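If you want the building blocks of each chain, they are given just below.
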Amino acid sequence: MIPHRYAHILFSFILSGLMSAIVSAIATFRTVGLPADFPSIWFGSWLTSWAIAFPAVLIVAPIARRLVALLTTSPQQG
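Computed from a predicted structure; not experimentally measured.

> Please clarify how the environment of Thr 28 should be interpreted in this entry.
Structurally, the position occupied by Thr 28 is in helix H1 (residues 7-32). For Thr 28, a relative accessible area of 6% puts it in the buried group. As a C-alpha pair, Thr 28 and Leu 15 span 13 residues in sequence and 20 Å in three-dimensional space.

Given below as structure tokens:
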């Protein structure tokens, strides 16, 4: 098992992988349609997307958490 202290990295890895898979599949389908080699075209697009998405999520997630904290109230406050 992976130690809990790495949970945020594992979360970012899984989230970026799933989101980039979905978005790249839609973008690839809109670009090339559904040819016989769609899976190989999509897989190449997905790997490229994931290589960018994973580090982006690691950088952007803390910023998003801070923004959410600023825009919401805790149960004690409100």
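> For this particular structure, what's the right way to read the packing of H1 against helix H2 (residues 38-71)?
Helix-helix packing: each pair is described by the crossing angle between the helix axes and the interaxial distance. At a minimum axis separation of 7 Å, H1 and H2 run at an interaxial angle of 140 degrees. For the element pair H1 / H2, the angle class is oblique. The two elements H1 and H2 meet at a crossing, and its hand is right-handed. Where H1 approaches H2, its residues Ile 9, Ser 12, Phe 13, Ser 16, Gly 17, Ser 20, Ala 21, Ser 24, Ala 25, Thr 28, Phe 29 and Val 32 are matched on the opposing element by Phe 38, Ile 41, Trp 42, Ser 45, Trp 46, Ser 49, Trp 50, Ala 53, Phe 54, Val 57 and Leu 58. Here the residues of the contact of H1 with H2 sort into 15 nonpolar, eight polar and no charged.

Calculation criteria
- Residues numbered from 1 in each chain as written.
- Predicted model: local features only at pLDDT ≥ 70, side-chain atom pairs only at ≥ 80, totals over all residues.
- Heavy atoms only, no water.
- Helix = DSSP H or I, 4+ residues; strand = E, 2+ residues; numbered from the N terminus.
- Buried < 20%, exposed > 50% of the residue type's maximum accessible area, 1.4 Å probe, protein only.
- Axes fitted to C-alpha atoms, helices over the stretch in contact; angles between N-to-C directions.
- Parallel < 35°, antiparallel > 145°, perpendicular 65-115°, else oblique.
- Left-handed = near helix turned anticlockwise from the far one by under 90°.
- Contact = heavy atoms within 4.5 Å.
- Nonpolar A, V, L, I, M, F, W, Y, C, P; charged D, E, K, R; others polar.

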